[in-house]
Each structure stands twice: as structure tokens, then as C-alpha cells.
Amino acid sequence: AQHCARWGPPVVSADLPSGLVADLPGGDQPSFQASRTVVFGAWKPCHVLRPARERCGRLRLIDLGLTPPPAGLAQIERADLVQGWPRPAVMADKYARGVVAVDTGSPAYPGAAVLGVLGAIHAGAGLVKYLGPGRQAVSAAAPNVVCPPPGPGPRPPGRTARAGWASGRRRRDDWAAPVRADAWLIGSGWGRRADGPRRLAQVLDLGLPTVIDAEAIACFGRWCQAGHQPASGTVLLTPHAGELARLLQITRAEVEADPLSAARAASRRTGTTVLLKGASQYVVPSAESMVYLCLPGPAWTAQGGSGDVLAGIAAALLAAGRPPDQAGWLAGSVQALTAARHPGPHPPQELARRLPGIIAALLE
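Position numbers for residues count from 1 along each chain, tracking the sequence in the order it is written. Restriction of local features to residues with pLDDT of at least 70 applies here, the model being predicted, together with a cutoff of 80 or more for giving and counting side-chain atom pairs; totals for whole chains, interfaces and linings are based on all residues. Think of the side-chain values as coming from all heavy atoms in the structure, minus any hydrogens and water.

A. Spotlight on the packing of aromatic side chains. In this analysis, rings of Phe, Tyr and Trp, with Trp reduced to its six-membered ring, are considered paired at centre separations within 6.5 Å, and the interplanar angle assigns stacked below 30 degrees, edge-to-face beyond 60, and tilted for intermediate values. For the coordinates displayed, the defined rule picks out 2 aromatic pairs. For the pair Phe220 and Trp223, a centre-to-centre distance of 5.7 Å together with 25° between the ring planes defines the contact as stacked. Here the residue Phe220 and the residue Trp223 both occupy positions in helix 6 (residues 215-225), the gap between them amounting to 3 residues, near one helical turn. The same class applies to Phe220 as to Trp223, namely buried. Pairing Tyr292 with Trp329 gives two aromatic rings, centres 6.3 Å apart and planes at 40°, and the pair type is tilted. Placement of Tyr292 in strand 12 (residues 291-293) and of Trp329 in helix 11 (residues 324-341) is noted, with a sequence separation of 37 residues between them. For Tyr292, a relative accessible area of 16% translates into the label buried. Accessibility here uses a 1.4 Å probe with only protein chains present; expressed as a share of the type maximum, an area under 20% marks a residue as buried, one over 50% as exposed, and anything in between as partly exposed. In this structure Trp329 comes out as buried when scored by relative accessible area, which is 9%. Of note, Arg180 hangs over the ring of Tyr95, and the distance from its end group to the ring centre comes to 5.1 Å. The numbering of helices and of strands both runs from the N terminus, where a helix is a DSSP run of H or I of at least 4 residues and a strand a run of E of at least 2. Charge-over-ring contacts are defined here by two conditions on Lys NZ or Arg CZ: a distance within 6 Å of the ring centre and an angle within 35 degrees of the ring normal.

Structure (C-alpha cells):
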């Protein structure tokens, strides 16, 4: 394998390049770098998981008439996005399209707040309400975002809570309760916010669909360890490998060696859907054995802020009524597709602004 890598002759692999493990994403283990791989009977995980996928070269599947057992791993395709993306009804207003409440960012990281709301807006949220400490930056970048004043406020007169909106009597210090929303996004860019655990608990107490990102993931882990459990089918966690390692109290190297098992362990432990970000993005539902693999994107998306945009996209999809697993693989896949259609080192805020064109082309 080393000689072939040095001298560069064409390499054709039968089924998989020698040295790869069929069920793992590959890594530092030595293997051949194939120019072409002829796959017999059925795809194996190494044919779709990165970095092993890049060592397979061009792939061709030869149907042998076999009926292999289900692998528990489904590769999302463009047709899944076409079928699953929410479309507004002719008579829909902004509330029918979904209202996203956002508490992200901090004085140290105001950009995270901006990127999250840009993701939600350009993914099609009907209305975004920002309640974090970065109101000035958010209003400057997105004047269509509503920034209510801090603290609890009265429920608008004449309004009754519809299904999925916060209702009932709450403590006066519970700033989240009066906010009319269909889904929440919290955590991106929080840093070491002293009020983070309290804010997280207040949002989870509402029982609404919620994307928990970045620093809020650690707060959520401690909340679960204290004996709490989120409402079934409401929470989508969006960790990268380091955040998942801290949640599971293992090393990042262990997560990267077998990300699929790590994401499954986190989903079982927390009772949530987990979207593990990275070169391959895994979505593990809380109540299913199937794992969904997002569409692959170019390595250019490995930039600071891409995860903040992704969390905003997912929150918009939750607000539109998509369950956490579907919101996860739709969000990860459409971001990857947008980056693939606009190759190069585009920053995440620019790719966010290109989402509407990609979504429109999909739905046409």
C-alpha cells in the first residue's frame, strides 16, 4: 500500500480496499488507496463513511441477487430532501410557517447568535425571536428578527396558546414562558454563561422541540445526571466530536475511532436525537435502531460558525413540524448540498444566504 501511494499506479479494489474495516469509517490504519472499487452484493459502511469513503475511489455496485440483512445505517439522498422539506401552504402566515425562539451568543461570542438566526431565517422560518445577549449584533445583521426586551412579559391580549406554544402559569423569573414559539435554539456561543443551566432548564420545562448546541450540551448532560429527562421526541443535540466526548466522559480519539457507536451511546443515555457533526454527519434517533447519514459535503465547510448555522437550520425545521431526526438529517444534508453547489472557502454566513436558492431548486 505504501509503495502504491508513493508511485501512484491505478489500483482496483474488489469489494473494499485491503486494510479498511468494512464497518468502520477508517482513520489512521494503513490501507490501499483505490482508483476504483467494485462492490459485490451490497454497500458496506466503509463505502459511505469518511475518511474510508475517500480511499475507495470511484464506486460501482454489482448486484448478485443477495438479500443482505438491514445494516441499521441509511444514506440520505437528494430525493429524501425533496420529499421531506416543508412547503408553506398557499394561505400560510408567518405563524403557520413556524416561530423559532433563540437564546444563543454572549458578549464574547456575538457572532454565534448572528449565524444561528441567519440559518433559521434562510431555511424558511416564518418568524425568529431572539432573546439572548447579542441583540444589537443580531438586529444589525437581520432586521427581520424580533428582539423582545429582556425578562418576562405579559401574554399578548386576545391570544390563546395553540398546540405547541407555551401556556400555563409560570414563575415570574421564567423568561421563556411568555414567548410564543414552536421551537427553541439554545447554547451556541454561550461560553461560560453563569445563567446557562437555569436558562436551559426553563426552556426544557416548556416541553417544546429544542435544538441544544455547543456549551448547552454540557449543561444538558448535568441536567440529565440530576435525574431529569426531556419530553419524548423533543430534543435534538448537535455536538461535534469534542462535545460528544465530554458528554460521554471519554476521549475525542475514542469518538473519532467509532463515531457511530458513540452517537448511539449518547442517544441512549440522554433519550434524545443526536446529530454528530463532522466529515460524516450521523443522526441517531432516540427511539429507533436506524441511523441516518447526511449527504456528504466538501471539506470547505470545516470552518468556525458552520455548526451555528446548522443549528439554526434544524430549529427552523423543528418549528415547521419536522421531528428531531428528520430535522437533523434535512439540516445537515441541505447545508452540505449548498456547500457542494458553491465550492470554495465560502464562510458560513455566505452559505446561509445561498440556502434559499438551493431549497427552491430542490422543490422545483
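B. Fine view of empty space enclosed by the protein. Points on a 1 Å grid, built from protein atoms alone, make a cavity when a 1.4 Å probe fits but cannot get out and make a pocket when they are open with protein on both sides within 12 Å along at least 5 of 7 lines; residues with an atom within 4 Å of a point are the lining residues. Grid points are joined across faces, edges and corners, and a volume is the space filled by probe spheres set on the points. In total, this model carries 1 cavity of 30 Å³ or more according to the counting rule given. Considering only enclosed or pocket space, the largest cavity measures out at about 30 Å³ in volume. The wall of the largest cavity is formed by Val203, Leu204, Gly207, Leu208, Thr210, Pro230, Ala231, Thr234 and Val235.

C. Main features of the nonpolar core. In this text, buried Ala, Val, Leu, Ile, Met, Phe, Trp, Tyr and Cys residues form a nonpolar core when linked through side-chain atoms within 4.5 Å. Of all hydrophobic cores here, the largest spans 49 residues; its most connected members are Leu81, Trp85, Val128, Val145, Val211, Ile313 and Val334. Contributing elements (two or more residues each) for this core: strand 5 (99-103), helix 3 (110-122), strand 6 (127-130), strand 7 (183-186), helix 10 (306-319), helix 11 and helix 12 (348-363). If one sorts the elements of this core by residue count, helix 10 sits on top with 10 residues. We call two residues in contact when some of their heavy atoms are within 4.5 Å. The residues contacting Trp85, other than those within four sequence positions of it, are Ala123, Ile313, Leu317, Arg322, Leu330, Val334, Ile359 and Leu363. Counting residues in each nonpolar core, the second largest holds 45 residues, with Leu127, Ile186, Leu244 and Val274 among its members.

D. Up close: the sheet that holds strand 7. Reading across the sheet, the 9 strands line up as 4-12-11-10-9-8-7-5-6 and stay open at both edges, with mixed pairing between neighbours. Each of the sheet's edge strands pairs with one partner strand only, and the pair in question is strand 4 (73-75) and strand 6. The mean inter-strand angle of the sheet, taken between neighbouring strand axes irrespective of direction, is 20°. Whether two strands pair comes down to DSSP finding at least two bridges between them. Here 4 bridges tie strand 5 to strand 6, and the two strands are oriented parallel to one another. Bridging across to strand 6, Val100 finds its partner in Val128. Inter-axis angles, ranging from 0 to 180 degrees, are taken between N-to-C directions of lines fitted to C-alpha atoms, where helices are fitted over the stretch in contact.

E. Representation of the pattern of salt bridges in the model. Each reported salt bridge corresponds to a side-chain nitrogen of Lys or Arg within 4 Å of a carboxyl oxygen of Asp or Glu. The tally for this structure, following the rule as stated, stands at 9 salt bridges. For the salt bridge of Glu54 with Arg50, the shortest nitrogen-to-oxygen distance reads 2.9 Å. Assessed through its relative accessible area of 41%, Glu54 is described here as partly exposed. The network of salt bridges with common partners includes Asp103, Arg193, Asp195 and Arg199.

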